[in-house]
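Residue strings, one per chain:
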Amino acid sequence: MNENIYKKFTPIRLDQMDKVKLMNRVDQKFCINIALLPDLLNEIVNDYYILEIDDVRLFPYSNTYFDTSENSMYNDHVRGRKTRFKIRQRAYVESQCSYFEIKFKNNKGKTFKSRVECENGENLYSDKLSFFLTGHSPFKPEELVPVLKNKFMRITLVSKALDERCTIDYRVSFQVKDSKVELNRIAIIEVKSEGYPKNSKIVKTLREKRFNPQGFSKYIVGRSILDNTISNNAYRTKLRQIEKISNKA
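A brief look at the structure comes next. Quantities reported herein were computed from a predicted structural model and do not represent experimental measurements.

So, how was this worked out
- Residues numbered from 1 in each chain as written.
- Predicted model: local features only at pLDDT ≥ 70, side-chain atom pairs only at ≥ 80, totals over all residues.
- Heavy atoms only, no water.
- Core = buried A, V, L, I, M, F, W, Y, C linked by side-chain atoms within 4.5 Å.
- Buried < 20%, exposed > 50% of the residue type's maximum accessible area, 1.4 Å probe, protein only.
- Helix = DSSP H or I, 4+ residues; strand = E, 2+ residues; numbered from the N terminus.
- Contact = heavy atoms within 4.5 Å.
- Salt bridge = Lys/Arg side-chain N within 4 Å of Asp/Glu carboxyl O.
- Disulfide = S-S within 2.5 Å.

Observations concerning the nonpolar core
- Residues Leu-148, Phe-174, Ile-186, Phe-216, Tyr-219 and Val-221 are the most contacted members of the largest nonpolar core, which totals 31 residues.
- Sorting the residues of this core by element identifies β4 (59–68), α2 (72–78), β8 (144–159), β9 (165–176), β11 (186–193), α5 (218–226) and α6 (236–246) as the ones contributing at least two each.
- Other than its neighbours up to four places away in sequence, Val-221 contacts Phe-174, Leu-183, Phe-216, Tyr-235, Leu-239 and Ile-242.
- Grouped together as the second largest cluster of nonpolar side chains are 26 residues, Leu-41, Ile-168, Val-203 and Leu-206 included.

With respect to unusual backbone geometry
- Positive phi values are uncommon outside glycine, yet Lys-177 reaches one of about 55 degrees.
- As for its placement among the helices and strands, Lys-177 is situated in the loop between β9 and β10 (179–183).
- On the basis of relative accessibility, which here comes to 72%, the residue Lys-177 falls in the exposed class.

Comments concerning the pattern of salt bridges
- Scanning the model with the defined rule gives ten salt bridges in all.
- Arg-81 is the salt-bridge partner of Asp-76, the closest N and O atoms lying 3.6 Å from each other.
- Of the charged contacts in the structure, one is a salt bridge between Asp-169 and Arg-154, with a shortest N-O distance of 2.7 Å. Taken together, the positions of Asp-169 in strand β9 and Arg-154 in strand β8 put the pair 15 residues apart, joining distant regions of the chain. For the pair Asp-169 and Arg-154, a shared accessibility class is recorded, and that class is buried.

Structural notes on the state of the cysteines
- On inspection of all chains with the given rule, the structure shows zero disulfides.
- Lacking any disulfide linkage, Cys-97 is separated from the closest cysteine sulfur, that of Cys-118, by 10 Å.
- Judged by its relative accessible area of 25%, Cys-97 falls in the partly exposed class.
- Considering cysteine sulfurs only, Cys-31 is the nearest to Cys-166, which forms no disulfide, with 13 Å between them.

Spelled out as structure tokens, the structure:
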């Protein structure tokens, strides 16, 4: 994809985005073929700012996801449990910052994210992470093991009304032990707002192009594809949808 399209957006600094942190939010996710992304961005360029840090607008991310030995968080998701957790360590490669993050979704569809800065690869048994984990989740350090690594590139858009944030991820890859897979032909679009946005330009444009919101968890997708120790029966329809989108521009 020609990434010069990002240069058309007006930049916004990180400190200017304080009004749209949206740590407690409603998410809508869309999955499209990467070939369609430039046209989409051209249609919304006048309605959004793009995050820029030190002249950089495209940022690499690296995640390590944790779960219990019984895969309780994975199972809660694929079984459709309304209240569920997701726990990961995220490295912002460009800025060399890392955070330990806990996401909780309640039975009303709202996502609450808590995080604490940490060293990349910091042990869960450290005083800081152990205290944070037990204070924000029902899990203890000894219950969790790293189960999936994930990398991707991201741009972040902010509506000019400062009421919506949108992330677009692509060049997504996963690794479980020595097995790896890359999903290079899709883009994952996540629109985040305090409530379901009524005037979101990107949501309106996606719907006009006949794309509807759909669940897409990088954690669940990566493990469903690569981890042969768990059942992916409940997610096979989603995997077929991803394959169809990958093959259809």
